[in-house]
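# An overview of the molecular structure
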Amino acid sequence: MNICVFASGGGSNFRAILEARRDNFLNSGIKLLITNNSNCGAVLIAKEFGVDVFHISRKVYPDLPGDEYGKIFLEKLGDYNINLIALAGYMKAVEPAVVKAYTNRILNIHPALLPSFGGKGMYGINVHKAVIQSGVKVSGLTIHLVDEEYDRGRILFQKSVNVEENDDEYTLQKKILQFEHKYYPFIIKKIEEGEIGLDE
Ligand code: GAR
């Protein structure tokens with residue numbers, strides 16, 4: 001597969017995927033990073049690993065109609081023959097044209113057990129804050145397919161992580177991130193091997 005990662009933040013999941021490729025755990029090529037934030041950590045990681053970066057955001061194209069804006073993504077993805085997209089801390093909604101063209105070919109990792117603690121605004125540390133405030137004893141991570149609705153696509157994998165008495169949002173984030181780094185490459189490998197079917 002030719003993979004494109006979409007990321008907006010620190011990029012630690014992006015790094016985990018690149019390391020899995022470097023160590024030949026993954027066979028797929030990580031061909032491109034798409035980001036809405038040209039100053040984010042993920043861009044530095046792409047440079048470190050020699051991965052091309054495409055920066056695109058509404059700030060760059062404020063007046064373009066939605067379908068035209070979506071086309072820019074599709075052209076770039078086409079240029080790199082991308083057949084799998086992995087969202088890794090991407091803060092924006094994926095353009096509808098991309099969701100349509102890549103049906104069942106877009107993965108997302110979410111740092112909680114969906115359908116709990118998902119939806120708009122549930123991103124990064126906000127998720128862990130909401131988990132801690134709710135008082136639940138178990139959180140975790142979810143890897144799922146992306147469709148038109150936030151955090152609602154078919155769940156491919158979940159891993160639970162206990163929330164301890166003395167956890168705050170930061171300790172919980174740290175614990176869950178470690179599992180994200182392990183399981184995101186692992187699930188991509190299962191997809192490569194056909195053990196997880198995307199079209200079922
Ligand atoms: C990760 O915890 C990821 O699960 C989360 O953002 C963080 C990105 O960290 N994604 C979401 O909250 C999506 N709704 P990273 O930039 O270090 O990979």
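Numbers given for residues are sequential positions, taken from 1 along each chain in its written order. Per-residue local features are limited, in this predicted model, to residues with pLDDT of at least 70; the limit for side-chain atom pairs, both in listing and counting, is 80 or more; totals at the level of whole chains, interfaces and linings are taken over all residues. Hydrogens and waters are ignored; side-chain quantities use all the structure's heavy atoms.

## Some details on the layout of surface pockets
What the largest pocket holds in volume is close to 790 Å³. Cavities and pockets are found on a 1 Å grid laid over the protein atoms alone: a cavity is a set of points where a 1.4 Å probe fits but cannot escape, a pocket is an open set with protein on both sides within 12 Å along at least five of seven lines, and a lining residue has an atom within 4 Å of such a point. In this structure, the largest pocket is lined by 38 residues; those nearest its centre are G89, Y90, N108, I109 and Y123. Each helix corresponds to a stretch of at least 4 residues labelled H or I by DSSP, and each strand to a stretch of at least 2 residues labelled E; elements are numbered beginning at the N terminus. Elements supplying a minimum of two residues to the lining of the largest pocket: helix 1 (12-22), helix 4 (96-101), strand 5 (106-110), helix 5 (125-134) and helix 6 (169-192). Ten residues, namely Ala, Val, Leu, Ile, Met, Phe, Trp, Tyr, Cys and Pro, are considered nonpolar, four, namely Asp, Glu, Lys and Arg, are considered charged, and the remaining ones, Gly among them, are considered polar. Class assignment of the residues belonging to the lining of the largest pocket gives a composition of 16 nonpolar, 14 polar and eight charged. Each pocket or cavity is described by its volume, and for the second largest pocket that value is around 190 Å³. Grid points are joined across faces, edges and corners, and a volume is the space filled by probe spheres set on the points.

## Overview of the site of the ligand
Close contacts around the ligand come from 14 residues, with G11, S12, N13, G124 and E180 the closest. In the environment of the ligand, an oxygen atom lies 2.9 Å from a nitrogen or oxygen atom belonging to the backbone of N13. Measuring from an oxygen atom of the ligand, one finds a side-chain N or O atom of E180 at 2.7 Å. Mapping the ligand onto the cavity grids shows that it belongs to the largest pocket. Elements with a contribution of two residues or more to the shell around the ligand: helix 1, strand 5 and helix 6. Partitioning the shell around the ligand into residue classes produces five nonpolar, eight polar and one charged. Throughout this document, a residue counts as near a molecule or strand when at least one of its heavy atoms sits within 4 Å of that molecule or strand. Pairs of N or O atoms within 3.5 Å make up the polar contacts considered here, provided that, within protein, one atom can donate a hydrogen while the other can accept it, and that residues adjacent in sequence are counted only when both atoms are side-chain atoms. The rule for placing a molecule in a cavity or pocket is simple: more than half of its atoms must lie within 2 Å of the grid points.

## Digging into helix 1
Within helix 1, the full set of buried residues consists of N13, F14, A16, I17, L18 and A20. Where helix 1 is buried, its residues contact strand 1 (2-6), strand 2 (29-35), helix 2 (41-49), strand 5 and helix 6. Just beyond helix 1, the residue with positive phi is N24, at close to 60°. Exposure categories follow from relative accessible area, calculated using a 1.4 Å probe and restricted to protein chains: below 20% of the type maximum is buried, above 50% is exposed, and the middle band is partly exposed. Should any heavy atoms of two residues lie within 4.5 Å, those residues are considered in contact.

## Notes on the side chain of S57
When you line up the elements, S57 lands in the loop between strand 3 (52-55) and helix 3 (66-79). In this structure S57 comes out as buried when scored by relative accessible area, which is 7%. Reaching out from S57, the side chain makes a polar contact with the backbone nitrogen of K59 at a distance of 3.0 Å. Aside from chain neighbours lying at most four places away, what touches S57 is N36 and Y69.

## Description of unusual backbone geometry
Residue P115 is reached from L114 by a cis peptide bond, and omega for that bond is 10°. Its identity as a non-glycine residue notwithstanding, N81 has a phi of 50°, on the positive side. Checked against the element boundaries, N81 lands in the loop between helix 3 and strand 4 (84-87). The exposure class assigned to N81 is exposed, which follows from its relative accessible area of 54%. A positive phi is found at N104, a non-glycine position, where the angle reads about 60°. Note that N104 resides in the loop between helix 4 and strand 5.

## Re the sheet that holds strand 7 (residues 155-162)
Should DSSP find at least two bridges between two strands, the strands are regarded as paired. Overall, mixed pairing links the seven strands, which are arranged 3-2-1-4-5-6-7 in an open sheet. The sheet is open, and its two borders are formed by strand 3 and strand 7, each paired with just one other strand. Put simply, the sheet's adjacent strands are angled 20° from each other on average, direction ignored. Note that strand 4 and strand 5 share three bridges and pair parallel. Its bridge partner lying in strand 5, I85 is registered against I106. With respect to the sheet, helix 2 is in contact with strand 2 and strand 3, its orientation differing from that of strand 2 by roughly 150°. For helices, the fitted line uses only the C-alpha atoms of the stretch in contact; every axis is such a line through C-alpha atoms, and the angle between N-to-C directions lies from 0 to 180 degrees.

## A closer look at helix 2
Taken residue by residue, helix 2 has A42, V43, I45 and A46 as its buried positions. Across the axial projection of helix 2, the buried residues extend over an arc of 160°, all falling on one side. Turned more than 90 degrees off the buried face of helix 2, the exposed positions are L44, K47 and E48. The first or second residue beyond helix 2 is G50, which carries a positive phi of 70°. Directions drawn from the helix axis to the C-beta atoms are what define this arc.

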